[in-house]
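Observations on the three-dimensional arrangement
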Amino acid sequence: MSLQDQKALSPVISAIILIAVTIAVAIAATSFMGSISFNLMKTEQLQITSCMWAHDSSYANITISNFGSDPVSINSIQLDGTAVADYAFVSGTSTVDAGEAVTLQVFDSFIANAKHQFSVITGTGNRFVLVKEAPPSSSVTFKMEWGTITVDDDFTQVDLQNSYFSPVIVCTPQYTSGVPRTVRVNGVTCSSFNVRVQNPSSEACPATVVHYLVAEEGVWDSPIKLEARQYVTDTVGQNNNWDYDTRTFGQEYSGNVLVFHQVTSYNDPSWITTYVSKENSRTAPPSSGDDGFRISLNGAEAADSHGAETISYIIIEEGYSTLSEVKYDAKRTTDSVRGFGNSPPYNTAFSQSFDSAPNVLVSTQLEMDGGDGGWIVDYSVSQTQTGLMVDEDQEKDSDRSHTNETCGFLAFETAGTYH
């Protein structure tokens, strides 16, 4: 080929190269724009929907809701522009599924009356912000209310009479027949919570009356000596392997103390309940002479492990008086309350002189003598006495009898509220 022929081909080759480069750039641009469009279609839609402060402003619970159609990963939390190291998931995990919500407990020395900025940083770097003013140091006061609601397998909302900074809730089911069942609580806010009953074997539950008590979190000595607390744990005691956490009393008590306890989250929907006992013994009730008591999730014979849940507990001294002009009686039973499969009810006389049968009866099992596990149930109530029983799951056998347990109750003549 002559030099002249080579020069004649050069424009053709140049044109081919130019066309190839143009096509490659067009493909790359199309791919890039497609990527942008895809990412825009998956815009994260998180929102910090609530913030509840501890009564002493030592922490705040923030609820983060995902209103989008895809899961969102929480990478970090900032407070006033600084990364927070001390926080924990009260409910949910760092991945927030579409349509779901999680609650974080953020610990800090919050300044009363000051505005604080909470920032949630996602795995993609997006930031979602809520500015909230911490309460005045004297604004959180003792509040409490008590009542009943009838529920079944589906969660039902209870609207509270008071507005709380950090409500602590305990409940008791009432029944005399039907499948074994306990109470589950979720969706706790400053003004409401959701409640249902649950069978350990996932059988359908009939309509069941649930008695509940709600108190502002804190340690209170007036108008009633009471302590309301909550914490997160995955410790499970069960079927002769009764593991436990220990919790310390927040104030000194005298005489008999009653510890009411309840799971108040729904991170793991499988069945679970709770149990308490004396600080150094599973088979004795909590004592005012100790520094604290045992408490944990209770799997009975139905569960040997469970996802982390919030346990709420309320401590009160034995005694009777009036609150908001409503008569009440807080009392510990003898070591005599037995099972559904024995001969309930197991009666205890009131110390209070009620004018009529109490409408609200929140009860508690205070020890775990029975190695198979169990939980307290309201069986009956009259003007002069209450009848309790302990029930068991039927996962390993159909037997619902149970050995003697020491229990306790807080009876109110009518539903009511204090604030």
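Below you will find a few notes about this structure. (Residues numbered from 1 in each chain as written. Predicted model: local features only at pLDDT ≥ 70, side-chain atom pairs only at ≥ 80, totals over all residues. Heavy atoms only, no water.)

1. So, the pairing of strand S15 (residues 208–216)
Across the 9 residues that make up S15, a large majority, 8, are buried. Here 8 bridges tie strand S12 (residues 167–174) to S15, and the two strands are oriented antiparallel to one another. Residue pairing in the sheet places threonine 172 in a bridge with histidine 211 of S15. (Buried < 20%, exposed > 50% of the residue type's maximum accessible area, 1.4 Å probe, protein only. Helix = DSSP H or I, 4+ residues; strand = E, 2+ residues; numbered from the N terminus. Pairing = 2+ DSSP bridges.)

2. Thoughts on the layout of surface pockets
Size it by volume and the largest pocket reaches roughly 880 Å³. Considering the residues around the largest pocket, the lining is formed by 35 residues, among which Ser91, Ala101, Val102, Thr103 and Gly187 are closest to the centre. For the lining of the largest pocket, the secondary-structure elements that each account for two or more residues are strand S1 (46–53), strand S2 (59–66), strand S5 (87–91), strand S6 (95–96), strand S7 (101–107) and strand S17 (226–233). Ranked by the residues each element gives to the lining of the largest pocket, the list is headed by S7, at 4 residues. (1 Å grid on protein atoms, 1.4 Å probe; cavity = no way out; pocket = protein on both sides within 12 Å on 5 of 7 lines; lining within 4 Å. Points joined across faces, edges and corners; volume = space filled by probe spheres on them.)

3. Section: the sheet that holds S2
Taken together, 4 strands build an open sheet; the order of strands is S1-S2-S7-S5 and the sheet is antiparallel. Looking at which strands have only one partner, the edges of the open sheet turn out to be S1 and S5. Looking at each pair of strands side by side, their axes are set apart by 30 degrees on average, direction ignored. Pairing of S5 with S7, which is carried by 4 bridges, proceeds in the antiparallel orientation. From the neighbouring strand, serine 91 faces S7, where its bridge partner is threonine 103. (Axes fitted to C-alpha atoms, helices over the stretch in contact; angles between N-to-C directions.)

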